[in-house]
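Residue-level listing of the chains:
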Amino acid sequence: MTIQWFPGHMAKARREIEEKLKLVDFVMELVDARAPLSSQNPMLQQVLQSKEKMVLLMKRDLADSKVTNEWIDYFKERDIPALAVNVNDKADINRVIQLAKELGQKKLEKLMKKGIKPRPARAMIVGIPNVGKSTLINRLANKKIAKVGDRPGVTKQQLWIKVKKEFELLDTPGILWPKFEDQTVGYRLAAIGTIKDQLLSLQDIVAFVIHYLQEYYPNSLEERYQIEQTEDDMLEIFMKIGKLRGALESGGHVNFDKVSDIVIRDLRTGRLGMITLERPTEEA
């Protein structure tokens, strides 16, 4: 199955990014730490081409820290500086600013050698929807500038933001790509809330999540839902979770949609523990 999702404002955003790219010195690319590669827009990689960039693995507080460190090494091995970020951690915000200063300084030194008057470094911040971009911008600017929402597609236009006196940041709308050829990528992004829930069957997404947890985080399932690693009948698993969590309808029947809502909410809020849905070893 090919999953397609490409609203008109995202097509417009791509064109604007291509036009504005020449105005910036480097790019801040935001990915979700729970699915760092799946949340990298392949279309955006084509647009950015050889522009210098840094990768920020957002929502590190919801991701498996061990696997996050593996992903940071993965990017660094490809000469891409990377940081794991919790937007509510001031130390993380300071690290982002410091890394941005270092990248910007390289460009400014080249300009100064050409006799061009020094100016603040300029960066473009890009990423898929609902990755925490607006919240990060507000933290960097230390005031509320960007609109924040818990659903994909809140930012609709580009906006320049000054970050102290360190650099200037160009905000851009979150962009998804036209379609997901790899269904697993679609499931990962749907599970973490990047794709609107209505685009895929939530029961299918939850079945994918449960299979993954059985392989990599069996203790999470057992502690939260009393599901053992060896259980492989998805119908029985749904029934067990439904009865345990009271996801019932009239007559005492399990409501599978309610079960799906429970599991996906537990995943997204961290109640299942710190979970990462892909790892570099799989992609290799």
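For the structure itself, look to the data block above.
Definitions and cut-offs
- Residues numbered from 1 in each chain as written.
- Predicted model: local features only at pLDDT ≥ 70, side-chain atom pairs only at ≥ 80, totals over all residues.
- Heavy atoms only, no water.
- Phe/Tyr/Trp six-rings, centres within 6.5 Å; stacked < 30°, edge-to-face > 60°.
- Helix = DSSP H or I, 4+ residues; strand = E, 2+ residues; numbered from the N terminus.
- Buried < 20%, exposed > 50% of the residue type's maximum accessible area, 1.4 Å probe, protein only.
- Lys NZ or Arg CZ within 6 Å of the ring centre and 35° of its normal.
- Patch = residues over 30% accessible without salt bridge, like charges linked within 9 Å, V, L, I, M, F, W, Y side chains within 5 Å.
- Areas by Shrake-Rupley, 256 points an atom, 1.4 Å probe, with all protein chains shown as cover.
- Salt bridge = Lys/Arg side-chain N within 4 Å of Asp/Glu carboxyl O.
- Lys, Arg positive; Asp, Glu negative; His and termini not counted.
- Charge placed at Lys NZ, Arg CZ, Asp CG, Glu CD.
- Expected span 1.5 Å × (residues − 1).
- Contact = heavy atoms within 4.5 Å.

K.L.:
In this structure, what is going on with the packing of aromatic side chains? I would like to understand it.
P.N.:
Geometrically, a pair of aromatic rings is defined through the distance of the ring centres and the angle of the planes. Using the criterion set out here, one finds seven aromatic pairs in the structure. Between Trp71 and Tyr74, the aromatic rings sit 5.0 Å apart at their centres with planes inclined by 75°, giving edge-to-face as the arrangement. You can see Trp71 and its partner Tyr74 sitting in helix 3 (residues 65–76), three residues apart, about one turn around the helix. Both rings, one in Tyr187 and one in Phe208, keep their centres 5.5 Å apart while their planes meet at 25°; by these two values the pair is stacked. With Tyr187 in helix 6 (residues 183–191) and Phe208 in helix 7 (residues 202–216), the pair connects residues that are 21 residues apart, well separated along the chain. Of the residues examined, Phe208 reaches a relative accessible area of 16% and is grouped as buried. The rings of Tyr187, Phe208, Tyr212 and Tyr216 are connected pair by pair, giving a single aromatic cluster. Its end group placed over the ring of Tyr74, Arg78 keeps NZ or CZ at 3.7 Å from the ring centre. Between Arg279 and the ring centre of Tyr216, over which it is positioned, the NZ or CZ distance is 4.1 Å.

K.L.:
Even after reading the chapter, I still don't get a positive patch on the surface, so can you show me in this structure?
P.N.:
Residues Lys107, Lys110, Lys113 and Lys114 make up a contiguous surface patch of positive charge. Positionally, Lys113 belongs in helix 4 (residues 90–113). Lys113 sits in the exposed class, given a relative accessible area of 76%.

K.L.:
What should I look at first to understand helix 10 (residues 256–269) in this one?
P.N.:
Owing to its 3.6 residues per turn, the α-helix aligns residues three or four sequence positions apart on the same side. The end-to-end C-alpha distance of helix 10, which contains 14 residues, comes to 20 Å, matching closely the 20 Å that a straight helix rising 1.5 Å per residue would cover. All of the buried residues in helix 10 are Val259, Ser260, Ile262, Val263, Ile264, Asp266 and Leu267. Those residues of helix 10 that are buried lie in contact with helix 6, helix 7, helix 8 (218–225) and helix 9 (234–245). Phi for Gly270, located one or two positions after helix 10, is positive at around 85°.

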